[in-house]
Amino acid sequence: DIQMTQSPSTLSASVGDRVTITCRASQSISSWLAWYQQKPGKAPKLLIYKASNLESGVPSGFSGSGTGTEFTLTISSLQPDDFATYYCQQYNSYPLTFGGGTKVEIK
Amino acid sequence: EVQLVESGGGLVQPGGSLRLSCAASGFTFSSYSMNWVRQAPGKGLEWVSYISSSSKTIYYADSVKGRFTISRDNAKNSLYLQMNSLRAEDTAVYYCARAASGYYLVDYWGQGTLVTVSS
């Protein structure tokens, strides 16, 4: 199984900050990586697919990069609605595996 | 609009059984592969099971293999998860999730249904 390691697990930031979350795969997954946002009590929402493609309707302040085993999610200027937990997920092969999550908190 | 609505969750004793359902609408259900993904209280996401559009290909996580069975009824636009021999560690919100056409990418999620395994 492909292991996904996310860092940091918690991030404290202020509105307007630039935020970067890292995800590492235990083996190459090419660009088959997605990022999801989850708010308390809600289902995850797809933000980024194929490492760097923005899902329709997602604000342009979100961006993704990387290939192979190292990936990043960047929020260029943190907005109040962006405080949530973010998960990376590889979909190169089954079993699908997720990172442990990064909770973005208000500083 | 894509909609996935889960039902069937509840409280069950260890060793018991439960059947989850997911009603799909807003897309051609028979053309899409589907997944179940779960999330234990306060924990991260765990993929549980996958079924292809025709039901020919099925995968399970090792943690549920031999106890859970995924199935679908394309005529009823419905996805199912039969869960047997339930354990405390199966306690979670279970999400029905669509796989994007031609990919393993999960693009839409239902709102989830809570399964609690406790005596």
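Scroll up to find the structure this text is about.
Every value quoted in this text rests on a predicted model; they were computed, and no experiment measured them.

Conventions adopted
- Residues numbered from 1 in each chain as written.
- Chains lettered and ligands numbered in written order.
- Predicted model: local features only at pLDDT ≥ 70, side-chain atom pairs only at ≥ 80, totals over all residues.
- Heavy atoms only, no water.
- Helix = DSSP H or I, 4+ residues; strand = E, 2+ residues; numbered from the N terminus.
- Contact = heavy atoms within 4.5 Å.
- Polar contact = N/O pair within 3.5 Å; in protein donor to acceptor, adjacent residues only side chain to side chain.
- 1 Å grid on protein atoms, 1.4 Å probe; cavity = no way out; pocket = protein on both sides within 12 Å on 5 of 7 lines; lining within 4 Å.
- Points joined across faces, edges and corners; volume = space filled by probe spheres on them.
- Nonpolar A, V, L, I, M, F, W, Y, C, P; charged D, E, K, R; others polar.
- Buried < 20%, exposed > 50% of the residue type's maximum accessible area, 1.4 Å probe, protein only.
- Buried area = accessible area lost by both parts, 1.4 Å probe.
- Salt bridge = Lys/Arg side-chain N within 4 Å of Asp/Glu carboxyl O.
- Pairing = 2+ DSSP bridges.
- Axes fitted to C-alpha atoms, helices over the stretch in contact; angles between N-to-C directions.

Draft legend 1. Fine view of the environment of A:Gln3. Residue and element names in this part refer to chain A. Checked against the element boundaries, Gln 3 lands in the segment before strand E1 (4-7). Along the chain, Gln 3 and Ala 25 lie 22 residues apart, while their C-alpha atoms are 5.8 Å from each other. Those residues within four positions of Gln 3 in sequence are excluded, and the remaining contacts are Arg 24, Ala 25 and Ser 26. Of note is the side chain of Gln 3, whose polar atom sits 3.4 Å from the backbone oxygen of Asp 1.

Draft legend 2. Expanded view of the layout of surface pockets. In this structure, the largest pocket spans a volume of roughly 450 Å³. Forming the walls of the largest pocket are 25 residues, and the residues nearest its centre are A:Gln38, A:Pro40, A:Thr85, A:Tyr87 and B:Gln39. Contributions of two or more residues to the lining of the largest pocket are made by strand E9 (85-90) and strand E11 (102-106) of chain A together with strand E9 (92-99) of chain B. Looking at which element gives the most residues to the lining of the largest pocket, the answer is E11(A), with 4 residues. Here the residues of the lining of the largest pocket sort into 10 nonpolar, 10 polar and 5 charged.

Draft legend 3. Layout of unusual backbone geometry. Residue and element names in this part refer to chain A. Note the cis peptide between Ser 7 and Pro 8, where omega equals -5 degrees. Structurally, the position occupied by Pro 8 is in the loop between E1 and strand E2 (10-13). Omega for the bond connecting Tyr 94 with Pro 95 falls within 30 degrees of zero, at 5 degrees, which places this linkage in the cis form. Along the chain, Pro 95 turns up in the loop between E9 and strand E10 (97-98). A positive phi angle, near 50 degrees, is found at Lys 50, a position not held by glycine. Positionally, Lys 50 belongs in the loop between strand E5 (45-49) and strand E6 (53-54). Lys 50 sits in the partly exposed class, given a relative accessible area of 37%.

Draft legend 4. Broad picture of the interface of chain A and chain B. Opposite the 18 residues of chain A that make contact, chain B presents 19 residues. Both sides together, the interface formed by chain A and chain B hides about 1600 Å², and carbon and sulfur atoms give 70% of it. Put simply, chain A and chain B have 0 salt bridges between them. Where chain A touches chain B, the interface holds 6 residue pairs in polar contact (both at pLDDT 80 or more). Listing elements by their share of the side of chain A that touches chain B, those giving two or more residues are strand E4 (33-38), E5 and E9 of chain A. It is E4(A) that contributes the most residues to the side of chain A that touches chain B, 3 residues altogether.

Draft legend 5. View of the sheet that holds E1(A). Residue and element names in this part refer to chain A. Judged by pairing direction, the sheet is antiparallel, and its 4 strands sit side by side in the order E1-E3-E8-E7 without closing on themselves. Of all the strands in the sheet, just E1 and strand E7 (62-67) have a single pairing partner and so form its edges. The average angle at which neighbouring strand axes cross in this sheet is 15 degrees, direction not considered.

Draft legend 6. Examining the pattern of salt bridges more closely. All names here are of chain B. Using the criterion set out here, one finds 8 salt bridges over all chains in the structure. Ionic pairing is found between Arg 67 and Asp 90, a salt bridge with its closest N-O pair at 2.7 Å. Linking Arg 67 in the loop between strand E6 (58-60) and strand E7 (68-73) with Asp 90 in the loop between strand E8 (78-83) and E9, this pair joins segments that are 23 residues apart in sequence. Of the two residues, Arg 67 and Asp 90, both sit in the buried class. The partner of Arg 98 in a salt bridge is Asp 107, and the shortest N-O contact between them spans 2.8 Å. Asp 107 gets classed as buried once you look at its relative accessible area, which sits at 12%.

Bear in mind that shape data such as this cannot, by itself, settle questions of function.
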